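Coordinate analysis (summary)
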Amino acid sequence: MEMRVTEPRATAAAGLAIEVKGLAIRFLSKRGGEVLALQSTTFDVRIGEILCIVGPSGCGKSTALNAIAGLLAADQNTDLDVDGEVRIFGEPMQRQDPRVGYVFQQDTLLPWRTAQQNVALPLSFQGRTDRDQAAMELLQRAGLGRFAERYPKELSGGMRKRIQLLQALAHDPQIILMDESFGALDTQTKTIMQNEFLRVWDRDRKTIVFVTHDLNEAILLGDRVICMTARPGKIKLEVPIEIPRPRTSESIVEHPAYSRLYSTLWSAVREEADRAIQCSTGETGAGR
Amino acid sequence: MTGGVPVDRYFVPSVRAQLIFHALFIPALFLVWDALVRIGVLQAAIVGRPLLMLEQLWEILTSRGTIDALRVTLTEVVIGLVLGALCGVALGIVLSFLPLLRRGLDSLFLALYTLPRVALVPLFIVWFGLGMASKVSAVFIHGFVLFLLGTYATVDSVDRALLRNFRMLGAPKRYYLTEIYAPWAAPNFFVVFRQAIGLAIGTAVVAELIGSFEGVGYEIGLRIGAFDMNGTLAWVLIVAALAVLLDRIASYFESRLLVWR
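Note that the structure is a prediction, hence the values are computed from the model and not measured.

Comments concerning the overall build of chain B
Scanning chain B from terminus to terminus reveals 11 helices and zero strands. In sequence order, the secondary structure elements of chain B are arranged as α-α-α-α-α-α-α-α-α-α-α. Radius of gyration (C-alpha) of chain B: 24 Å, far over the 18 Å computed for a compact globule of 261 residues. Expressed along its principal axes, the backbone C-alpha trace of chain B runs to roughly 75 × 75 × 30 Å. Evaluated residue by residue, chain B yields a buried proportion of 29% over its 261 residues. For chain B, the proportion of contacts with a sequence separation of at least 24, taken over those separated by at least 6, is 73%.

Right, dumping it as structure tokens:
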């Protein structure tokens, strides 16, 4: 049973979906200070794999994800200095690449649109005339058909997050970037969401980059987990997760490799988190 | 029957209780007022007499010129406010995308906002005459400034996550306006609108008082000039009723249009 799941992936994984080469990002404050958020970071994401990125708070994992998404933005207070390159399916990345989707941690549903209209949104952007039926089908397949006419305020946080995921699926990109997408949910809802996410992912095996604080989540979802250092961020450790799929949050904890993987990742993250705390206290002392 | 666990119960009066209160309070106020004048504590020449005022009110409401006066003032308010809202919102949106011009004009609009708009009325009378145009201009400036600053506030406060999500979903430019900015601004639009109505009626009436030959302010001016306190107060009641009516209409549309809240 394990073989049947892993075999077709071996051929698909020949190509690379994302190549990050020597990416370095520096924030320049207009008042003179500068912060190196990311230092020369290189990694690849294979087509059809789930890559999880973990690390202490403020280590630049979200910044790296935003760079891949083309969402880096300078404002009146800070400027950005970016080195290195990102390639999407072998080509240099561009803004608004339709092959790249993003599921944010924040609620991004339009409050003035119903669940169905929210799911249909990316389809109307594409000019699809069958958008309402297509959105309804997605909702029904997820068991949310009877909530189609509800406004977001009438739905629970978990329900809204599921609608948000369906919206991303309706958009149908080949790569989905997820920045702590389940981070704002309570533990039980989060577990249910993770299992459901794995089931959906298993159908078409899109390429996923998943940034998270939660090591259990990283082991459950990821084919590989990258652990980043405290700021300035770089890759400290890469761990392949050899627990066979299909996985569920219940089954992985029973797998013999689970506790070893968890302690490897935890000792790496903890070391960096300690360093981050010491650095930040040292930084304020130096008046930076 | 009473357990040992305390429960806080907050008193919220029922709609019926509120209606009864209104039905009793205002007549009681008028009766006390009337009695004080009769006894001689208050002087009728200065505060009027509520019972005579009600008589006057009836007379005003049944006379033919009243409709004309109300029509004139309402027309000034509606035209001025609608034009002001349209221009204020449109310019607010345009200037939001031109940061240099916006910052440059900030102090001008702030000055216009702080200035009592009726102070401009004599100027408008010189430019546009004693007719409705000078009053419409005063209401227009008033609505324009409120809606312009209101538009700035909503554009600045729009949820960045919604914008970022639209970008990742490949939304064409026009959808940002119709699907994010416009609905985001709608609740605030109603707040500004309801705020503006009361002040717009005030602006129009005061502008008519300053110089005109028709409208509610003109009628009030006539009665003040004749020391007719009861007639003046009757017209003040009509103006107040007008403001409440317009506010109710706006609130009705608000609840019909913003079901998603």
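Some words on the pairing of strand 1 (residues 16–29) of chain A
Residue and element names in this part refer to chain A. One ladder, built from nine bridges, connects strand 1 with strand 2 (residues 34–46); its direction is antiparallel. Bridge pairing in strand 2 links Val-20 to Phe-43. The turn linking strand 1 back onto strand 2 is made up of four residues, and Gly-32 within it adopts a positive phi angle of 115°. The pairing of strand 1 with strand 4 (residues 78–88) spans 10 bridges and is classified as antiparallel. Bridging across to strand 4, Ile-25 finds its partner in Val-82.

Digging into the nonpolar core
With 69 residues, the main nonpolar core has Cys-52, Val-54, Val-119, Leu-177, Val-209, Val-225 and Leu-265 of chain A as its most contacted residues. With six residues, the top contributor of residues to this core is helix 5 (residues 157–171) of chain A. Apart from the residues within four sequence positions on either side, Val-54 of chain A is in contact with Thr-212, His-213, Leu-215, Ala-218, Val-225, Cys-227, Leu-265 and Val-269 of chain A. Judged by nonpolar contacts, the second largest core, of 40 residues, contains Ala-69, Val-139, Phe-193 and Ala-204 of chain B.

Here's the deal with the domain arrangement of chain B
In terms of domain boundaries, chain B breaks down into domain 1 (15–42) and domain 2 (50–257). Measuring from the centre of the C-alpha atoms in domain 1 of chain B to the corresponding centre in domain 2 of chain B gives 32 Å.

Quick look at the confidence of the model for chain A
All names here are of chain A. Here chain A averages 87 in pLDDT, while 92% of its residues score no lower than 70. Note on residues 1–13: pLDDT under 50 across the span, and 11 contacts to partners over four residues away in sequence or across chains. Taken together, the stretch residues 283–288 has pLDDT below 50 and engages in two contacts with residues farther than four places along the chain or on a different chain.

Some points on the interface of chain A and chain B
Across the boundary between the two partners, chain A contributes 17 residues, which contact 14 residues of chain B. Elements with a minimum of two residues in the side of chain A that touches chain B: strand 6 (100–103) and helix 3 (115–125) of chain A. Broken down by element, the residue count for the side of chain A that touches chain B peaks at three residues, all from helix 3 of chain A. Partitioned by chemical class, the residues of the side of chain A that touches chain B number 12 nonpolar, five polar and no charged.

Digging into the sheet that holds strand 9 (residues 224–228) of chain A
Each strand in a sheet pairs with another by means of backbone hydrogen bonds, the pair being arranged parallel or else antiparallel. Residues and elements named next belong to chain A. Read across the sheet, six strands follow the order 6-7-8-3-9-10 without closing on themselves; strand pairing throughout is mixed. At either margin of the open sheet sits one strand with a lone partner, and together these are strand 6 and strand 10 (235–240). Neighbouring strand axes in the sheet, compared pairwise and without regard to direction, differ in orientation by 15° on average. Strand direction decides the pairing type here: strand 9 and strand 10, joined by five bridges, are antiparallel. Residue pairing across strands places Val-225 opposite Val-239, the latter belonging to strand 10.

Some remarks on the packing of helix 4 (residues 64–96) of chain B against helix 10 (residues 216–225) of chain B
Residue and element names in this part refer to chain B. Contact geometry of helix 4 with helix 10 gives a least axis separation of 7 Å together with a crossing angle of 125°. The angle between helix 4 and helix 10 places the two elements in the oblique class. When helix 4 is examined against helix 10, the residues Ala-69, Leu-70 and Thr-73 are found in contact with a partner set consisting of Val-216, Tyr-218 and Glu-219. Per-class residue counts for the contact of helix 4 with helix 10 are four nonpolar, one polar and one charged.

Quick notes on the confidence of the model for chain B
All names here are of chain B. This prediction gives chain B a mean pLDDT of 89; 99% of its residues lie at or above 70. Ranking the elements of chain B by mean pLDDT puts helix 2 (residues 44–47) last with 84 and helix 8 (residues 160–168) first with 93. This prediction of the complex comes with two scores: 0.79 for pTM and 0.85 for ipTM.

Comments concerning unusual backbone geometry
With an omega of -5°, the peptide bond running from Arg-231 of chain A to Pro-232 of chain A counts as cis. Backbone geometry places Arg-205 of chain A, a non-glycine residue, at a positive phi of 45°. With respect to the helices and strands, the residue Arg-205 of chain A is situated in the loop between helix 6 (187–204) and strand 8 (207–211). The backbone phi angle of Phe-227 of chain B is positive, close to 55°, even though this residue is not glycine. With respect to the secondary-structure elements, Phe-227 of chain B resides in the loop between helix 10 and helix 11 (229–257). Take Phe-227 of chain B: there are 10 C-beta atoms within 10 Å of it, and that puts it in the exposed class.

Parameters at a glance
- Residues numbered from 1 in each chain as written.
- Chains lettered and ligands numbered in written order.
- Predicted model: local features only at pLDDT ≥ 70, side-chain atom pairs only at ≥ 80, totals over all residues.
- Helix = DSSP H or I, 4+ residues; strand = E, 2+ residues; numbered from the N terminus.
- Rg over C-alpha atoms; globule rule 2.2 N^0.38 Å.
- Buried ≥ 20, exposed ≤ 12 C-beta atoms within 10 Å, placed from the backbone.
- Contact = placed C-beta atoms within 7 Å.
- Pairing = 2+ DSSP bridges.
- Core = buried A, V, L, I, M, F, W, Y, C linked by C-beta atoms within 7 Å.
- Domains from an automatic or database assignment.
- pLDDT = per-residue confidence, 0-100.
- Nonpolar A, V, L, I, M, F, W, Y, C, P; charged D, E, K, R; others polar.
- Axes fitted to C-alpha atoms, helices over the stretch in contact; angles between N-to-C directions.
- Parallel < 35°, antiparallel > 145°, perpendicular 65-115°, else oblique.

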